[in-house]
Amino acid sequence: MLGCSAQRLPDYPTLPLSEYGQMKTQDGVTVAVHPMTDSQETEKYFGMNLLKHDTLVVLVAVENHSPTVNFIIQKDRISLKETLSGGSNKIGQNTSESALAAVTGGAILVCPVAALVTIPFMVQAATNTAEIKRNFAAKELHQETISPGNAKNGFVYFRLPPERSAQMQKTLSISLWDPIGKRSNIFEYQIEIGSK
Amino acid sequence: MTASLLNRVIAVCSFALMSMMIAGCCATIVYNEPTKPVALEPVQKVDLKVELRLTSALRKSQWEHKEVTMTYQQPLGNTLSMNSEAAAKVVFKQVLVISGNDKADGPCANGADVILIPALASVERDRPATMFGTQTTSMQVTWTLLDCEGNLLWATTVAGEGKGPLGNLVSKNQGRPQLDIVLQEIFGKSVKEMSASDVIRQYAASR
């Protein structure tokens, strides 16, 4: 894993949004996501096989191409929920606040890095737990304003149930808030999660 | 030396060793917290009366590292609160400091126009192999600005990093140089980001 020296885990490369797995655009803002379900990839960028430790990591990249509107990433509204078949809540549809509250019922909400209390136990064998914890925090997506012409990206972390089926399909929901229009733009993506 | 005398010596040594081990198990070193705010460059003030909400989570924030026999703590609550107030006063015309309200919504206190909430997002310190190695302290502070109805107006997260020699781990000022660098970087950047925000200035102009 890591050596005795404080060797830094590498940053995830910044790619054009079209090169990530899934991408959607609404009202001039584009959001792309890349769920890290490959153990080699999480080993490389996070120093451990995270799915094995019931943690799903998703890269979220946002570009604001609107000429006038600011958007705020609503970190506490990011969620992972059961995929509903034939539901009225279509993917990419603008969803009101109340609808969002309804659809996030029972969802796995995004887990702030500070809440990943098991990290120290996950990495007992590692020489440098501080680097792994620092790396988690440094790469985390935060609640931030994205002004016109700007972009942000970062990772969100979800705790998965330890007892889960070999293949799970979930819906990732990301909310961007327009502070002037006082409305949320909801972006939804289907994610397949493999076994440990 | 007789056998009974030898047994007594062994018993006394064992007791002394056990006492040292038990005492060592409970040792906690609490490092000194900076008591003065960092120096901040003046900026053109934003014409808003701000309620600066210093939550109990911010006031209690600290870095802590536990090892088998030792616990190391770096309290951060007072210095983060003090520097948040200093940064807010550089950026905004009026600042009303409120402690003890941990809610992230409205209403504003005492006629304030907006609510500003700083929070410690993360803090980490590494441990080089020797006291001559370079230690790195990394920290992230999140700022959230709400209107009086609790709607999000603006948010950012500012990161800072400081490096310095590890030095003597049991010194009360261990890690202080790198902590000073981190605080300077974070609150300097915070002032720049808040004062450069079009959203904040547009909101102030619309009032």
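Nothing here was measured: the structure is a model prediction, and the numbers come from that model.

Parameters and conventions
Residues numbered from 1 in each chain as written. Chains lettered and ligands numbered in written order. Predicted model: local features only at pLDDT ≥ 70, side-chain atom pairs only at ≥ 80, totals over all residues. Heavy atoms only, no water. Pairing = 2+ DSSP bridges. Helix = DSSP H or I, 4+ residues; strand = E, 2+ residues; numbered from the N terminus. Axes fitted to C-alpha atoms, helices over the stretch in contact; angles between N-to-C directions. Salt bridge = Lys/Arg side-chain N within 4 Å of Asp/Glu carboxyl O. Buried < 20%, exposed > 50% of the residue type's maximum accessible area, 1.4 Å probe, protein only. Core = buried A, V, L, I, M, F, W, Y, C linked by side-chain atoms within 4.5 Å. Contact = heavy atoms within 4.5 Å. Expected span 1.5 Å × (residues − 1). pLDDT = per-residue confidence, 0-100. Parallel < 35°, antiparallel > 145°, perpendicular 65-115°, else oblique. Left-handed = near helix turned anticlockwise from the far one by under 90°. Nonpolar A, V, L, I, M, F, W, Y, C, P; charged D, E, K, R; others polar. Buried area = accessible area lost by both parts, 1.4 Å probe. Polar contact = N/O pair within 3.5 Å; in protein donor to acceptor, adjacent residues only side chain to side chain.

What follows deals with the sheet that holds strand β5 (residues 92-99) of chain B. Residues and elements named next belong to chain B. The strand order across the open sheet formed by five strands is β5-β2-β6-β7-β8, and the pairing between neighbours is mixed. In the strand order of this sheet, the two ends are held by β5 and β8 (152-165), each with one partner. Ignoring which end each strand starts from, the neighbouring axes of this sheet average 25 degrees apart.

In this structure the tally under the stated criterion is 18 salt bridges over all chains. Note that K133 of chain A is salt-bridged to E124 of chain B, the shortest N-O span being 3.8 Å. Of the two residues, K133 of chain A sits in helix α4 (residues 129-139) while E124 of chain B sits in strand β6 (residues 114-125), which places them in two different chains. On the basis of relative accessible area, E124 of chain B is assigned to the buried category, the value being 11%. Among the salt bridges present, the one from R127 of chain B reaches E67 of chain B, with a minimum N-O distance of 2.9 Å. Taken together, the positions of R127 of chain B in the loop between β6 and β7 (134-147) and E67 of chain B in the loop between β3 (62-66) and β4 (70-75) put the pair 60 residues apart, joining distant regions of the chain. Overall, the relative accessible area of 33% leaves E67 of chain B in the partly exposed class. Where salt bridges share partners, they join R8, E131 and R134 of chain A together with E161 and K163 of chain B into one cluster.

Moving on, we get to the nonpolar core. Within the largest apolar cluster, 43 residues are counted, with the highest numbers of intra-cluster contacts made by L48, F92, L116, M139, W143 and F187 of chain B. In terms of residue count, helix α4 (residues 176-196) of chain B provides more of this core than any other element does, seven residues in total. Excluding residues within four positions of it along the chain, L48 of chain B makes contact with F92, K93, Q94, D113, V114, I200, Y203, A204 and R207 of chain B. Counting residues in hydrophobic clusters, the runner-up holds 25 residues, among them L56, I78, V156 and I193 of chain A.

Attention shifts here to helix α3 (residues 77-91) of chain B. Residues and elements named next belong to chain B. In this model, α3 (15 residues) spans 21 Å end to end at C-alpha, consistent with the 21 Å of a helix rising 1.5 Å per residue. Counting buried residues along α3, eleven of its 15 residues qualify, which places the element largely inside the surrounding structure. For α3, every residue scored as buried is listed here: G77, T79, L80, S81, N83, S84, A86, A87, A88, V90 and V91.

Per-residue confidence for chain B gives a mean pLDDT of 90; residues scoring 70 or more make up 92%. For chain B, helix α1 (residues 3-25) of chain B is the element with the lowest average pLDDT, namely 65, and α3 of chain B is the one with the highest, namely 98.

Here we come to the packing of α3 of chain B against α4 of chain B. Residue and element names in this part refer to chain B. Between α3 and α4, the shortest axis-to-axis distance is 10 Å and the interhelical angle comes to 30 degrees. Taken together, the axes of α3 and α4 lie roughly parallel to each other. α4 is crossed by α3, and the crossing has right-handed handedness. Note on element contacts: α4 touches α3 through L183, F187, V191, M194 and S195, opposite T79, L80, N83, S84, A87, V90 and V91. The residue inventory of the contact of α3 with α4, partitioned by class, reads eight nonpolar, four polar and no charged.

Next up on the list: the interface of chain A and chain B. Across the boundary between the two partners, chain A contributes 17 residues, which contact 22 residues of chain B. Together, the buried faces of chain A and chain B total about 1600 Å²; carbon and sulfur atoms form 53% of this surface. Our count for the chain A to chain B interface comes out at four salt bridges. The tally of links from chain A across to chain B stands at five residue pairs in polar contact (both at pLDDT 80 or more). For the side of chain A that touches chain B, the element with the highest residue contribution is α4 of chain A, accounting for five residues. For the side of chain A that touches chain B, the residue count by class is seven nonpolar, five polar and five charged.

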